[in-house]
Amino acid sequence: LTQAQALDQMLARQGESVSTVMAFEVDDKVLEERVCGRWMHKTSGRSYHVKFAPPQSMQLGEDGKPLPETMIDDETGEK
């Protein structure tokens, strides 16, 4: 509630207001998969996801998990 009130105040200063609010019901396991699979390239700020948008360089180990040393940014080639 505090966050919503702060948003209302900020928008009011700009002559704006919230006109629509959407609520999504998402299974916790789906959220966990999306959040835990993210990988950010610190230098460029680009984000990847080990399942949905992996870097082209990503390789999997014998356990099926991504090998961190193969996580290289597609555009810069940097780790």
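Residues numbered from 1 in each chain as written. Predicted model: local features only at pLDDT ≥ 70, side-chain atom pairs only at ≥ 80, totals over all residues. Heavy atoms only, no water.

Asker: Just checking my understanding: could you explain helix 1 (residues 2–13) for this structure?
Answerer: Note on helix geometry: an α-helix contains 3.6 residues per turn, so any two residues three or four positions apart are oriented the same way. Helix length check: helix 1, at twelve residues, gives a terminal C-alpha distance of 17 Å against a target of 16 Å (1.5 Å per residue), a fit within 8%. Positioned one or two residues after helix 1, glycine 15 has a phi angle of 75°, which is positive. (Helix = DSSP H or I, 4+ residues; strand = E, 2+ residues; numbered from the N terminus. Expected span 1.5 Å × (residues − 1).)

Asker: How should I be thinking about the side chain of histidine 41 in this particular structure?
Answerer: Here histidine 41 is to be found in the loop between strand 1 (38–40) and strand 2 (47–49). Only 2.8 Å separates the side chain of histidine 41 from the side chain of serine 44, close enough to count as a polar contact. (Polar contact = N/O pair within 3.5 Å; in protein donor to acceptor, adjacent residues only side chain to side chain.)

Asker: Please clarify how helix 2 (residues 28–36) should be interpreted in this entry.
Answerer: With zero of its nine residues buried, helix 2 lies for the most part at the surface. Between the side-chain oxygen of the N-cap and the backbone nitrogen of lysine 29 there are 2.8 Å, and the N-cap of helix 2 in question is aspartate 27. (Buried < 20%, exposed > 50% of the residue type's maximum accessible area, 1.4 Å probe, protein only.)

Asker: Would you mind going over the packing of aromatic side chains with me for this structure?
Answerer: Geometry of an aromatic ring pair is reported as the spacing of the ring centres plus the angle between the planes. All chains considered together, the criterion is met by one aromatic pair. On the basis of an interplanar angle of 35° and a centroid distance of 5.0 Å, the ring pair of tryptophan 39 and tyrosine 48 is categorised as tilted. Classification of tryptophan 39 as buried rests on a relative accessible area of 19%. Owing to a relative accessible area of 9%, tyrosine 48 belongs among the buried residues under this scheme. One Lys or Arg, arginine 34, reaches over the ring of phenylalanine 52 and ends 4.2 Å from the middle of that ring. (Phe/Tyr/Trp six-rings, centres within 6.5 Å; stacked < 30°, edge-to-face > 60°. Lys NZ or Arg CZ within 6 Å of the ring centre and 35° of its normal.)

In short, the description is geometric, and any link to function would need to be established separately.
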